[in-house]
Amino acid sequence: MRTAYSPDQIRTAEAALMAGLPAGTLMQRAAAGLAVVCARLLTGAHGRVYGSRVTVLTGSGDNGGDALYAGARLARRGARVVAVLAGSRTHEGGLAALLAAGGRAVAFTEEALGLVGDADLVLDGLVGIGGGGALREPYGTLASATADTPALVVAVDVPSGVDSGTGLVAGPAVKAHVTVTFGAYKTGLFVDPGATHAGMVELVDIGLRPHLPGPDVAAPADGDVAALLPRPEAESDKYRRGVVGIAAGSDTYTGAAVLSAGGAVRAGAGMVRFASSAEPVRLVRARWPEVVTTILDTASGVSLDAIGRVQAWVVGPGMGTGTEAHAVARAVLSAEVPVLVDADGLTIVAADRALLRRAAPTLITPHAGELSRLLGVPRELIEARRLEHVRRAADELGVTVLLKGSTTLIAETGLPVRAITTGTPWLATGGTGDVLSGIAGAFLAGGLSAYDAASCAAHVHGLAARVAARGGGTGKGGGAGGGEAPIAALDVAEALPAALRML
Ligand SMILES: NC(=O)C1=CN([C@@H]2O[C@H](COP(=O)(O)OP(=O)(O)OC[C@H]3O[C@@H](n4cnc5c(N)ncnc54)[C@H](OP(=O)(O)O)[C@@H]3O)[C@@H](O)[C@H]2O)[C@@H](O)CC1
Ligand SMILES: [K+]
């Protein structure tokens, strides 16, 4: 599990580590690791470090110090290094080291701005974990210039303009190809929009690990998900593997039902029971003959008794929001098993929050718009401050929350937020959320906690989307889409077995 920490947690751990070390040791460790990564990138892009042009954007704090010392190391290997001094002051030791190594330093001017465009590599040492709020000038102008340069952009610790504690971007911000972060990942590197600005993140060990507390955010890797996933054993039968019930679809919206059922079937549910009105039932049977279906008679009140036992329920996709749908949601949420609420189910509980007050675990899977209705907060605010709002929803509603997005976040009170980064932009297409609900439902029925079921489902869903976008192969090679092509939601369900085999 990759783990990330808030700036306060990092500072506390750094203070404990520094107490036993000579002054400046950590900065030297950081700069050495940073220079190694830059040298590797320059060698990869141009065949050598010697003669390459490096521009160091230098702020007033220790972030600038790291960048200057790394610049000095590159200058000693023959790189032509120029520091643009943008802060009200400059790290003295770092500047002296750069000059002693043959590097140059210039004050910020329009002309100096040209150095961003003329470099092979730009090192962003404007602000690190000491930054706060939108970048002031001239940092903002320099950060914006990194978007237009043909150079490799390497952010030092965090991309300047990204809030290291939240991933929030409140103004201009550096868009890095690579971020080299020190001691531990920072929360803002895992959460969008910060995660997107960070590019590839490389961690340099400076000895912080023994001093770190429990993480703020965690990002599971394939191996973590593989270890969590329920696997059938020799004596497993369909009931022990978990029966998931799905209440989805309506005569108006039938596709969501087929997609949710498909997600559950392909994610390995022991059995899928599906309950809805006649038309979705007919279509689910036609597409997934292994699903056991029940036509719900809502005229005389909804009862789930005829459906048979399930270990978890999924309720909501495509079911509408009328009185009958409300009655179905109420019946499902009164069952004493874990329930996943998605899509129309979320609209229903937003209007009747009391439905979420129950003893068994509840997992909700909103996108920003649906969470906006649940919390009464504008959608744009949720998108800008995703971490804050996913936590708030978990606390306020007392449920496990999976907030969909380019990085999906999963929150449960008292646990680190999980960040899932396996997705692809092609996943942003209609119906993929319905598939996700079925996958998570299958994992809930298989015995995972809501927190683990959500994490594993989002991870596997992202992997399956990648497999589907690459036509089932590894997708090596170029093309405008980087080897990936558009996908339909059913492709994601069909790619689940291949994705599960990759774990
Ligand atoms: N501690 C350690 O052991 C280690 C720390 N390490 C490194 O130190 C970094 C933290 O260094 P730090 O604390 O000096 O803060 P830092 O990020 O350089 O920025 C502070 C200055 O930025 C400015 N500023 C702030 N907001 C701004 C804005 N919106 N717009 C414009 N300017 C703004 C403000 O300056 P002022 O306004 O005073 O000019 C403030 O004083 C950390 O990220 C890592 O790289 C490594 O060497 C490993 C060991
Ligand atoms: K930086």
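Residues numbered from 1 in each chain as written. Chains lettered and ligands numbered in written order. Predicted model: local features only at pLDDT ≥ 70, side-chain atom pairs only at ≥ 80, totals over all residues. Heavy atoms only, no water.

- The name given to the chain in an unreviewed UniProt entry is Bifunctional NAD(P)H-hydrate repair enzyme, and the organism recorded there is Planotetraspora phitsanulokensis.
- You can read under Subunit (unreviewed entry) in the UniProt record for the chain the words "Homotetramer." (UniProt positions renumbered as here; feature names shortened; annotations may be inferred.)

Notes on the overall build of the chain
So, step 1. What the chain contains, in helices and strands, is 20 helices and 19 strands.
So, step 2. The C-alpha radius of gyration computed for the chain amounts to 26 Å, which stays within 12% of the reference 23 Å derived for 503 residues, consistent with globular compactness.
So, step 3. In terms of overall dimensions, the chain has C-alpha extents of about 85 × 45 × 45 Å along its principal axes.
So, step 4. Of the roughly 20000 Å² of accessible surface on the chain, a fraction of 52% belongs to carbon and sulfur atoms.
So, step 5. For the chain, the centre of its 42 positive side-chain charges and the centre of its 45 negative side-chain charges are spaced 5 Å apart. (Helix = DSSP H or I, 4+ residues; strand = E, 2+ residues; numbered from the N terminus. Rg over C-alpha atoms; globule rule 2.2 N^0.38 Å. Areas by Shrake-Rupley, 256 points an atom, 1.4 Å probe, with all protein chains shown as cover. Lys, Arg positive; Asp, Glu negative; His and termini not counted. Charge placed at Lys NZ, Arg CZ, Asp CG, Glu CD.)

Considering the site of ligand 1
So, step 1. What surrounds ligand 1 is a group of 26 residues, the closest being Glu 14, Asp 66, Gly 128, Arg 136 and Asp 157.
So, step 2. In this structure, Asp 62 approaches ligand 1 through a main-chain N or O atom, which is 2.8 Å from an oxygen atom.
So, step 3. Here an oxygen atom of ligand 1 sits 2.5 Å away from a polar atom, N or O, in the side chain of Arg 136.
So, step 4. Across the complex, the protein chains shield 84% of the 930 Å² of accessible surface that ligand 1 would expose by itself.
So, step 5. Of all the cavities here, the one that holds ligand 1 is the second largest pocket.
So, step 6. Tallied by class, the residues present in the shell around ligand 1 amount to 10 nonpolar, nine polar and seven charged. (Near = heavy atom within 4 Å. Polar contact = N/O pair within 3.5 Å; in protein donor to acceptor, adjacent residues only side chain to side chain. 1 Å grid on protein atoms, 1.4 Å probe; cavity = no way out; pocket = protein on both sides within 12 Å on 5 of 7 lines; lining within 4 Å. Sits in = over half its atoms within 2 Å of the grid points. Nonpolar A, V, L, I, M, F, W, Y, C, P; charged D, E, K, R; others polar.)

Some details on the nonpolar core
So, step 1. Core analysis: the largest hydrophobic core is formed by 58 residues, its most contacted members being Val 244, Ile 246, Val 272, Phe 274, Val 291 and Phe 443.
So, step 2. Top contributing element to this core by residue count: helix 18 (residues 450–469), with 14 residues.
So, step 3. Within the second largest apolar cluster, 53 residues are counted, among which are Ala 247, Ala 329, Val 337 and Leu 403. (Core = buried A, V, L, I, M, F, W, Y, C linked by side-chain atoms within 4.5 Å. Buried < 20%, exposed > 50% of the residue type's maximum accessible area, 1.4 Å probe, protein only.)

Focus: the coordination of the potassium ion (ligand 2)
So, step 1. Surrounding the potassium ion (ligand 2) are the protein donor atoms Asn 63 (OD1), Asp 124 (O), Asp 124 (OD), Val 127 (O), Val 156 (O), Val 158 (O) and Ser 160 (OG), which sit 2.6 to 3.2 Å from the metal.
So, step 2. On the primary sequence, the residues serving as donors to the potassium ion (ligand 2) are separated as N-x60-D-x2-V-x28-V-x1-V-x1-S. Of the two residues, Val 127 sits in the loop between strand 5 (121–125) and helix 6 (139–145) while Ser 160 sits in the loop between strand 6 (152–156) and strand 7 (178–182), which places them 33 residues apart along the sequence.
So, step 3. Residue Ser 160 is classed as buried on the basis of its relative accessible area, which comes to 0%. (Donors = N, O, S within 2.8 Å, 3.2 Å for Na, K, Ca; no water.)

Things to note about the UniProt feature "binding site: K(+)" (unreviewed entry) in the chain
So, step 1. In the numbering used here, UniProt assigns the feature "binding site: K(+)" (unreviewed entry) to Asn 63, Asp 124 and Ser 160. Spatial clustering of the annotated residues is evident: they stretch over 98 residues in sequence, but the largest pairwise C-alpha distance comes to 9.7 Å. Lining the second largest pocket, from this annotated set, are Asn 63.
So, step 2. Along the chain, Asn 63 falls in helix 3 (residues 62–76).
So, step 3. The exposure class of Asn 63 is buried, given its relative accessible area of 7%.
So, step 4. Leaving out residues up to four positions away in the same chain, Asn 63 has contacts with Asp 124, Gly 125, Leu 126, Val 127, Gly 128, Val 156 and Asp 157.
So, step 5. If sequence neighbours within four positions are ignored, Ser 160 has contacts with Asp 124, Leu 126, Val 127, Leu 135, Ala 173 and Val 174.
So, step 6. Here Val 127 takes part through its backbone nitrogen, which lies 3.1 Å from a polar atom of the side chain of Ser 160. (Contact = heavy atoms within 4.5 Å.)

Here's the deal with the pairing of strand 2 (residues 53–58)
Each regular strand shows side chains that alternate between the opposite faces of the sheet.
So, step 1. Burial within strand 2 is extensive, with five of its six residues counted as buried.
So, step 2. Strand direction decides the pairing type here: strand 2 and strand 3 (residues 80–85), joined by six bridges, are parallel. Each bridged residue has a counterpart across the sheet, and for Thr 55 the counterpart in strand 3 is Val 82.
So, step 3. Handedness of the strand 2-helix 3-strand 3 crossover: right-handed.
So, step 4. Where strand 2 meets strand 5, five bridges bridge the pair, whose relative direction is parallel. Residue Thr 55 lies in a different strand from strand 5, and its bridge partner there is Val 122. (Pairing = 2+ DSSP bridges. Right-handed = clockwise from strand over helix to strand, strands pointing away.)

A word on the layout of surface pockets
So, step 1. Here the largest pocket defines a volume of roughly 1100 Å³.
So, step 2. Together, 42 residues line the largest pocket, and Gly 405, Ser 406, Thr 407, Thr 408 and Gly 423 are the ones closest to its centre.
So, step 3. When the residues that make up the lining of the largest pocket are grouped by side-chain class, the tally is 13 nonpolar, 18 polar and 11 charged.
So, step 4. Viewed by domain, the lining of the largest pocket spans two of them, domain 1 (2–219) and domain 2 (237–454), each represented by three or more residues.
So, step 5. In this structure, the second largest pocket encloses a volume near 750 Å³.
So, step 6. Every element with two or more residues in the lining of the second largest pocket is listed here: helix 1 (7–18), helix 2 (25–46) and helix 3.
So, step 7. Broken down by element, the residue count for the lining of the second largest pocket peaks at four residues, all from helix 2. (Points joined across faces, edges and corners; volume = space filled by probe spheres on them. Domains from an automatic or database assignment.)

Some thoughts on helix 4 (residues 92–100)
So, step 1. Residues of helix 4 that are buried include every one of Gly 94, Leu 95 and Leu 98, and no others. An end-on view of helix 4 places all buried positions within 95 degrees of arc, on one side of the element. Opposite the packed face of helix 4, turned more than 90 degrees from it, sit the exposed residues Glu 92 and Ala 100.
So, step 2. Buried residues along helix 4 sit in contact with helix 3, strand 3 and strand 4 (104–107). (Arc of directions from axis to C-beta.)

A few points about the pattern of salt bridges
So, step 1. Across all of its chains, the model carries 16 salt bridges by this definition.
So, step 2. Salt bridges linked by common partners bring Arg 266, Arg 287 and Glu 494 together as one network. (Salt bridge = Lys/Arg side-chain N within 4 Å of Asp/Glu carboxyl O.)

Examining the domain arrangement of the chain
It is common to report an interface's size as the accessible area lost on association of the parts.
So, step 1. We note that the domain assignment places domain 1 (2–219) and domain 2 (237–454) within the chain.
So, step 2. For domain 1 versus domain 2, the distance between C-alpha centres works out to 42 Å.
So, step 3. Across the contact, 15 residues belong to domain 1 and 14 residues belong to domain 2.
So, step 4. Ranking the residues of domain 1 by area buried against domain 2 places Leu 168, Asp 192 and Ala 218 at the top, with a combined share of 41%. (Buried area = accessible area lost by both parts, 1.4 Å probe.)

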